[in-house]
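# Remarks on the overall topology
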Amino acid sequence: MSAPARAPGTGPADAGEGGFVLLSVLAIFIVVGAVLAGALLQVRSATGLAQARADAVRLQGAADGIARLIAYELQLGRVYRRTEAGLPEDGTVAACPLAPGRVALVSLQDQGGLIDLNATPRPAMEEAFRLLGVPDRDAMALGAEIVDYRDADDAPEPNGGAELAQYRARGLAWGPRNGPFASADEIGRLPSMTPALAARLAPVLTVYNAGGRFDLAALVRRVNPAASRSLPGSAGPVPSPRQAFRLSVVVAEGRARAGRSAILDLGGGGFLVWQQTVAPDLVDGVGHPACAMLAAALSAGR
């Protein structure tokens, strides 16, 4: 008796083909899903990046606006000899709330009260270094090396100077500039300078105090208050010409930060330095009455 005929598509071969087709369709769905997921992630990433860039631009605009506003106020004060209280001019960091979640950290430093690496005489530098907590031997060596770095001759200063031969003897690939310091940061190139000494002296050094005179008592009270009793009787207040200022502004909102660092010359030079930067030392501050003016000005400019 012959076996009954099978209906088309019901044999083992047909069943295998059907399973293969199903697996192929599933694979296609998986690939398409992965492509769509990748595209969605790219869109989200691009959107997040665009938002982050927009936030950075807004914060940078706020930092630049604050820097220009402070410069304008300083210039007005110089022209009209205004004496009302403004931001502190000794480098103190002011924390100014601008809006919920947004704060501006502002630091203003009058360069006329600092030790000028190019204009201050060696004896005055050495005396200041000692009172600021630098050991006598290091104070003498640094004073001599600063003079050798900035003068044009190749003769080492007595008691610790350093010209090219002394730099080579210390294993340094560079030598003295034999010209003016271009920046206070160049103290790190001096043979006797150490990171600890640089950290102590950096806040009191400048290259923008052309007169060379500085307020020793104010610097000692700021950096090494314990030595205030050792100040010489002649260390009275030294008025500043109030001509050059270092200005740093950082605007922070959440994890986003933007900032501006500038050197302002009120004697007609305007901004001598104008750098986009986030100052690492501006991470905290205290409130100040001048913050109200900054917040009001930014609010009005929206």
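Only a predicted model underlies this, so the values are computations on that prediction, with no experimental measurement involved.

This next bit is on the overall build of the chain. Regarding its fold elements, the chain presents seven helices and seven strands. Traced from its N-terminal end to its C-terminal end, the chain shows the element sequence α-β-β-β-α-α-α-α-β-α-β-β-β-α. The buried share of the chain, taken over its 302 residues, is 38%. Restricting the contact set of the chain to residue pairs at least 6 apart, pairs at least 24 apart contribute 60%. Total accessible area on the chain is roughly 17,000 Å²; 60% of this is exposed by carbon and sulfur atoms.

For the rest of this paragraph, the subject is the sheet that holds strand β5 (residues 244–253). As summarised here, the arrangement of the five strands in space is β1-β2-β5-β6-β7, forming an open sheet in which the pairing is antiparallel. Where the open sheet ends on each side, the last strands, each with one partner, are β1 (90–99) and β7 (270–276). Averaged over all pairs of adjacent strands, the angle between strand axes in this sheet comes to 15°, irrespective of strand direction. In terms of strand pairing, β1 meets strand β2 (residues 102–110) through seven bridges, oriented antiparallel. Of the residues in β2, the one forming a bridge with Cys-96 is Ala-104.

Now for the state of the cysteines. Considering all chains together, one arrives at one disulfide under this definition. Between the sulfur atoms of Cys-96 and its disulfide partner Cys-291 the distance amounts to 2.0 Å. Linking Cys-96 and Cys-291, the disulfide has an S-S dihedral of approximately -60° and is accordingly described as left-handed. Of this pair, Cys-96 sits in strand β1 while Cys-291 is found in helix α7 (residues 291–300), placing the two residues 195 residues apart along the sequence.

Here we take up the environment of Leu-231. Along the chain, Leu-231 falls in the loop between α6 (216–223) and β5. Classification of Leu-231 as buried rests on a relative accessible area of 19%. Sequence separation between Leu-231 and Ala-128 is 103 residues; the distance between their C-alpha atoms is 9.5 Å. Leave out the neighbours within four places in its chain, and Leu-231 touches Leu-131, Leu-216, Ala-217 and Val-220.

Our next topic: the pairing of strand β6 (residues 256–265). Among the 10 residues of β6, eight are classified as buried, and the element is accordingly described as predominantly covered. Summarising the sheet, β5 and β6 pair through 10 bridges and their orientation is antiparallel. Bridge pairing in β6 places Val-250 opposite Gly-259. Between the antiparallel neighbours β5 and β6 lie two residues, among them Gly-254 with a positive phi of about 65°. Where β6 meets β7, six bridges bridge the pair, whose relative direction is antiparallel. Among the inter-strand pairings, Ala-262 is bridged to a residue of β7, identified as Trp-274. Joining the antiparallel neighbours β6 and β7 is a turn of four residues, in which Gly-268 adopts a positive phi near 120°.

The subject of this paragraph is unusual backbone geometry. Here Asn-159, not a glycine, exhibits a phi torsion of approximately 60°, which is positive. Its identity as a non-glycine residue notwithstanding, Asn-178 has a phi of 55°, on the positive side. With respect to the element layout, Asn-178 can be found in the loop between α4 (164–169) and α5 (195–201). On the accessibility criterion, Asn-178 (27% relative accessible area) is partly exposed.

Across soluble globular proteins, you tend to see nonpolar side chains buried next to one another. In this structure, Ile-115, Phe-129, Leu-190, Leu-201 and Leu-205 are the most contacted members of the largest nonpolar core, which totals 36 residues. Those elements that provide at least two residues to this core are α2 (122–131), α3 (136–150), α5 and α6. With five residues, the single largest contributor to this core is α3. Beyond its immediate sequence surroundings of up to four residues, Leu-190 is in contact with Leu-142, Glu-145, Ile-146, Tyr-149, Tyr-167 and Phe-181. Counting 27 residues, the second-largest nonpolar core is a separate cluster that includes Leu-69, Ala-71, Cys-291 and Ala-295.

Another point: the layout of surface pockets. Empty space within the largest pocket amounts to approximately 830 Å³. Looking at the largest pocket, it is lined by 32 residues, and the ones nearest its centre are Asp-185, Ala-202, Arg-246, Ser-248 and Asp-281. Residue assignment for the lining of the largest pocket shows that the elements contributing at least two residues are β1, β2, α5, β4 (205–206), β5, β6 and β7. Per-class residue counts for the lining of the largest pocket are 18 nonpolar, 10 polar and four charged.

Taken together, the buried positions of α2 are occupied by Arg-122, Met-125, Glu-126, Ala-128, Phe-129 and Leu-131. For α2, the secondary structure elements touched by its buried residues are β3 (115–116), α3, α5, β4 and α6. Remark: Gly-133 follows α2 within two positions and exhibits a positive phi of approximately 100°.

About the cut-offs
- Residues numbered from 1 in each chain as written.
- Predicted model: local features only at pLDDT ≥ 70, side-chain atom pairs only at ≥ 80, totals over all residues.
- Heavy atoms only, no water.
- Helix = DSSP H or I, 4+ residues; strand = E, 2+ residues; numbered from the N terminus.
- Buried < 20%, exposed > 50% of the residue type's maximum accessible area, 1.4 Å probe, protein only.
- Contact = heavy atoms within 4.5 Å.
- Areas by Shrake-Rupley, 256 points an atom, 1.4 Å probe, with all protein chains shown as cover.
- Pairing = 2+ DSSP bridges.
- Axes fitted to C-alpha atoms, helices over the stretch in contact; angles between N-to-C directions.
- Disulfide = S-S within 2.5 Å.
- Core = buried A, V, L, I, M, F, W, Y, C linked by side-chain atoms within 4.5 Å.
- 1 Å grid on protein atoms, 1.4 Å probe; cavity = no way out; pocket = protein on both sides within 12 Å on 5 of 7 lines; lining within 4 Å.
- Points joined across faces, edges and corners; volume = space filled by probe spheres on them.
- Nonpolar A, V, L, I, M, F, W, Y, C, P; charged D, E, K, R; others polar.

In short, shape yes, function no, at least from these values alone.
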